[in-house]
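Chain residues, written in single-letter form:
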Amino acid sequence: MLPLSGERVNAKGIISEKLDSVDTLRGSSTLKRGFAHMQKNGVVMDVTNVEQALIAQEAGAVSVMVLDKLPSEVRKAGGVARTASIKIIEEIMDSVTIPVMAKCRIGHVNEALVLQETDVDMIDESEVLTPADELRHIWKWDLTTPVVNGARSLAEALRRIEEGASMIRTKGEPGTGNVAEAITHIKKVNDGLRTIKSIYDSGDNQELVRMAREFKVSYDIVEQTAKLGRLPVVNFAAGGIATPADAAYLMSLGCDGIFVGSGIFSADDAQERANAIVLATTFWNESDKVKEAQKMIDERQSIPGLDVKTLDLRMQDRGGSA
């Protein structure tokens, strides 16, 4: 079980109210991180309409992420994207029983507030959409709804958690069908965790202070993370995941779950691929099950892969300097 510490008692996102004479509390870090924890070992699928959401639910997805366009479609449209239609989000919420997430632009507080008012279960402050602010992310402690953020390194992840993120995911390179960047990101996070864990175990507090300055975060969050030996929130993989074997490999690297988008619905065998990726994520450490999942798909029907090194638009870099 992950620790649920890190509460900010006076955070604006915490709402105390009475429900049938019972005192209730919404928006606490315990609730927001706890919701993210409930998604562990599962698959969150990007969807753009009710039909795709129903496919995801039927396949066993733990949640769906609503977008106006899938990442591969964003690339074709020139890279500009904003939050999804509220009408579509509400139609999907009315059609499925699993949690519904939606994306807002980096730094766009009002898009996040609109999604919160729509009662989505989680908000993704996402580099897939065109950032509203390249230098500042949303201060997520002011939101009652939990927020997920992307990260390419331990430093990025800790900055987002200190801002109030309840879940982290790799940025990968979405819409490419190329899992290489997602693998690079989780390995960089793991390398950083091993470094600060060894420093903590050696008792060198001064070096931890130096690391906190290098990461541009507080000493407390570095110390807590070093003591745990992992992030204090769940960490999913995202970006370029297209096959069951991709999902299984990222789970084996220590990811808590999988986000998958264009890899499913830009392929010609969406239902089979959705079923297969859920199977491989659930049984990632059983090679016979992963083989069974891999047999369920046809590589000839996969999303065409893109070489990340030749891309003009690298979504993973958006908001990365903040």
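Since the model is a prediction, treat every value here as computed from it, not as a measurement. (Residues numbered from 1 in each chain as written. Predicted model: local features only at pLDDT ≥ 70, side-chain atom pairs only at ≥ 80, totals over all residues. Heavy atoms only, no water.)

Overview of the overall build of the protein chain
Consideration 1: Along the backbone of the protein chain there are 13 helices and 10 strands.
Consideration 2: Taking 322 residues into account, the globule formula puts the C-alpha radius of gyration at 20 Å, and the protein chain, at 19 Å, falls close to it.
Consideration 3: Dimensions of the protein chain along its principal axes, counting C-alpha atoms only, are 55 × 50 × 40 Å.
Consideration 4: Within the protein chain, the fraction of its 322 residues that count as buried is 57%.
Consideration 5: A total accessible area of about 13900 Å² is found for the protein chain, and carbon and sulfur atoms account for 49% of it. (Helix = DSSP H or I, 4+ residues; strand = E, 2+ residues; numbered from the N terminus. Rg over C-alpha atoms; globule rule 2.2 N^0.38 Å. Buried < 20%, exposed > 50% of the residue type's maximum accessible area, 1.4 Å probe, protein only. Areas by Shrake-Rupley, 256 points an atom, 1.4 Å probe, with all protein chains shown as cover.)

Topic: the sheet that holds strand β5 (residues 100–105)
Consideration 1: Read around the closed barrel, the eight strands follow the order β3-β4-β5-β6-β7-β8-β9-β10; overall the barrel is parallel. Shown here is a sheet whose adjacent strand axes are inclined to one another by a mean of 30°, direction ignored.
Consideration 2: Bridge count between strand β3 (residues 43–47) and strand β4 (residues 63–66): four bridges; the pairing is parallel. Of the residues in β4, the one forming a bridge with D46 is M65.
Consideration 3: Packing of helix α5 (residues 109–117) onto the sheet brings it into contact with β5 and β6 (122–126), and relative to β5 it is tilted by some 160°. (Pairing = 2+ DSSP bridges. Axes fitted to C-alpha atoms, helices over the stretch in contact; angles between N-to-C directions. Contact = heavy atoms within 4.5 Å.)

Some thoughts on the packing of aromatic side chains
Consideration 1: Tallied over the entire structure, the rule returns one aromatic pair.
Consideration 2: One cation-aromatic arrangement involves K289 over F283; the distance from NZ or CZ to the ring centre is 5.2 Å. (Phe/Tyr/Trp six-rings, centres within 6.5 Å; stacked < 30°, edge-to-face > 60°. Lys NZ or Arg CZ within 6 Å of the ring centre and 35° of its normal.)

Points about the pattern of salt bridges
Consideration 1: In total, this model carries 20 salt bridges according to the counting rule given.
Consideration 2: Between E17 and R26 there is a salt bridge whose closest N-O contact spans 2.9 Å.
Consideration 3: With relative accessibility at 34%, the residue E17 sits in the partly exposed group.
Consideration 4: Take R26: its relative accessible area is 38%, and that puts it in the partly exposed class.
Consideration 5: Where R230 meets D256, a salt bridge forms, and the shortest distance between an N and an O atom there is 2.8 Å. Of the two residues, R230 is situated in the loop between α9 (219–228) and β9 (234–237) and D256 in the loop between α10 (244–252) and β10 (257–260); the sequence distance between them amounts to 26 residues. (Salt bridge = Lys/Arg side-chain N within 4 Å of Asp/Glu carboxyl O.)

Some thoughts on helix α8 (residues 205–215)
Consideration 1: For α8, the complete set of buried residues consists of L208, M211, A212 and F215. On an axial view of α8, the arc spanned by its buried residues comes to 100°, and they lie on one face. Seen from the buried face of α8, the exposed residues on the opposite side, beyond 90 degrees, are Q206 and R213.
Consideration 2: Each element contacted by the buried residues of α8 is listed here: α6 (154–162), α7 (180–202) and α9.
Consideration 3: A positive backbone phi angle near 65° is found at K216, which sits one or two residues after α8. (Arc of directions from axis to C-beta.)

Describing the pairing of β3
Consideration 1: In terms of burial, β3 is a largely internal element, five of the five residues being buried.
Consideration 2: Both β3 and β10 contribute to a ladder of three bridges, which runs parallel. When the bridges of β10 are listed, V44 appears paired with F259.
Consideration 3: In the classification by handedness, the crossover that spans β3, the intervening helix α2 (residues 50–59) and the parallel β4 is right-handed. (Right-handed = clockwise from strand over helix to strand, strands pointing away.)

Remarks on the nonpolar core
In a soluble, globular protein the nonpolar side chains are often hidden away together inside.
Consideration 1: Within the largest apolar cluster, 45 residues are counted, with the highest numbers of intra-cluster contacts made by M45, L250 and I258.
Consideration 2: Each residue touching L250, except ones within four places of it in the same chain, is listed here: V179, A182, I183, I186, A237, I241, C255 and I258.
Consideration 3: Formed by 22 residues, the second largest nonpolar core is a distinct cluster that contains A212, F215, V217 and I221. (Core = buried A, V, L, I, M, F, W, Y, C linked by side-chain atoms within 4.5 Å.)

Describing the environment of R75
Consideration 1: Position of R75 relative to the elements: it lies in helix α3 (residues 71–76).
Consideration 2: Between the alpha carbons of R75 and V128 there is a distance of 9.4 Å; along the sequence they are 53 residues apart.

Concerning the confidence of the model for the protein chain
Consideration 1: Scored by pLDDT, the protein chain has a mean of 90; 90% of the residues are at 70 or more.
Consideration 2: Put simply, α3 is where the protein chain has its lowest mean pLDDT, 74, and helix α4 (residues 86–95) is where it has its highest, 98. (pLDDT = per-residue confidence, 0-100.)

Observations concerning unusual backbone geometry
Consideration 1: Its identity as a non-glycine residue notwithstanding, S21 has a phi of 70°, on the positive side.
Consideration 2: As for its position among the elements, S21 is in the loop between β1 (15–19) and β2 (22–26).
Consideration 3: Judged by relative accessible area, which is 65%, S21 ranks as exposed.
Consideration 4: One non-glycine residue, N41, adopts positive backbone phi at about 65°.
Consideration 5: Here N41 is to be found in the loop between α1 (29–37) and β3.
Consideration 6: For N41, a relative accessible area of 45% translates into the label partly exposed.

Things to note about the environment of A238
Consideration 1: Within the element layout of this structure, A238 appears in the loop between β9 and α10.
Consideration 2: Residues A238 and A151, 87 residues apart in the sequence, show an inter-C-alpha distance of 10.0 Å.
Consideration 3: For A238, the contacting residues outside a window of four places in its chain are R169, T170, K171, G172, A182 and F259.

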